[in-house]
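Residue-level listing of the chains:
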Amino acid sequence: YLGYNDWRLPNVLEQASLINAEEQDTSMWLNAQGFLNVQGNPYWTSTTDPTITTNGWVTFMVGGDKDSTAKTSSLGFKAWPVRSGY
């Protein structure tokens with residue numbers, strides 16, 4: 001995508017680092033900071049829940065919560081791919 005082949009999902013700590021604890025709705029705040037189309041819906045991370053390995057961690061851009069959910073979930077969670085370099 002966009003000429004790169006090193007896209008990946010961020011781990012739960014990387015994704016959570018985008019959460020602004022001072023804002024109830026981090027998605028609106030990120031959009032105001034120059035990001036485009038950030039949604040409040042949960043975003044998948046690459047982190048597997050070690051206690052239930054069929055689950056993965058998601059982060060919520062509204063409220064800042066993290067949750068473990070089934071990797072087979074069809075709830076329409078989003079993905080926010082990242083690259084490791086410039």
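Our structure's up above, just so we're on the same page.
Anyway, here's the lowdown on the structure attached to this text. Within each chain, residue numbers correspond to sequence positions counted from 1 in written order. Totals for whole chains, interfaces and linings use all residues, but because this is a predicted model, local features are given only for residues with pLDDT of at least 70 and pairs of side-chain atoms are given and counted only at 80 or more. Computation of side-chain values: all heavy atoms of the structure, hydrogens and water removed.

**Observations regarding the overall build of the protein**
Note the cut-off: For the purposes of this entry, the term helix denotes a DSSP run of H or I that reaches at least four residues, the term strand denotes a run of E that reaches at least two, and both are numbered from the N terminus. Each radius of gyration is computed over the set of C-alpha atoms, and the globule rule expresses the reference value as 2.2 Å times the number of residues to the power 0.38. Note on classification: 1.4 Å probe, protein chains only; a residue is buried when its accessible area is under 20% of the maximum for its type, exposed when over 50%, partly exposed between these limits. Residue contacts are defined here by distance: any two heavy atoms, one from each residue, within 4.5 Å place the two residues in contact. Positive charges come from Lys and Arg, negative ones from Asp and Glu, while His and the chain ends are left out of the count. Charge coordinates come from a single atom per side chain, which is NZ of Lys, CZ of Arg, CG of Asp or CD of Glu.
The number of helices and strands found in the protein is two helices and three strands. Written out in order from the N terminus, the α and β elements of the protein read α-α-β-β-β. The C-alpha atoms of the protein give 13 Å as radius of gyration, which agrees with the globular expectation for 86 residues (12 Å, within 12%). Burial analysis of the protein (86 residues in total) assigns 26% to the buried set. Contacts in the protein between residues at least 24 apart in sequence constitute 47% of all its contacts with a sequence separation of at least 6. Separation between the mean location of the 5 positive side-chain charges and that of the 8 negative ones in the protein comes to 10 Å.

**Details of the sheet that holds strand E3 (residues 66-70)**
This is how the line gets drawn: Two strands make a pair as long as DSSP finds a minimum of two bridges between them. Axis definition: a line fitted to C-alpha atoms, limited for helices to the stretch in contact. Angles are taken between N-to-C directions and run from 0 to 180 degrees.
Ordered by their spatial adjacency, three strands build an open sheet running E1-E2-E3, and the pairing between neighbours is antiparallel. Looking at the sheet topology across the chains shown, the edges are occupied by strand E1 (42-48) and E3. Averaged over all neighbouring strand pairs, the angle between strand axes comes to 40°, with direction disregarded. Summarising the sheet, E1 and strand E2 (residues 55-60) pair through four bridges and their orientation is antiparallel. Each bridged residue has a counterpart across the sheet, and for Thr48 the counterpart in E2 is Gly56.

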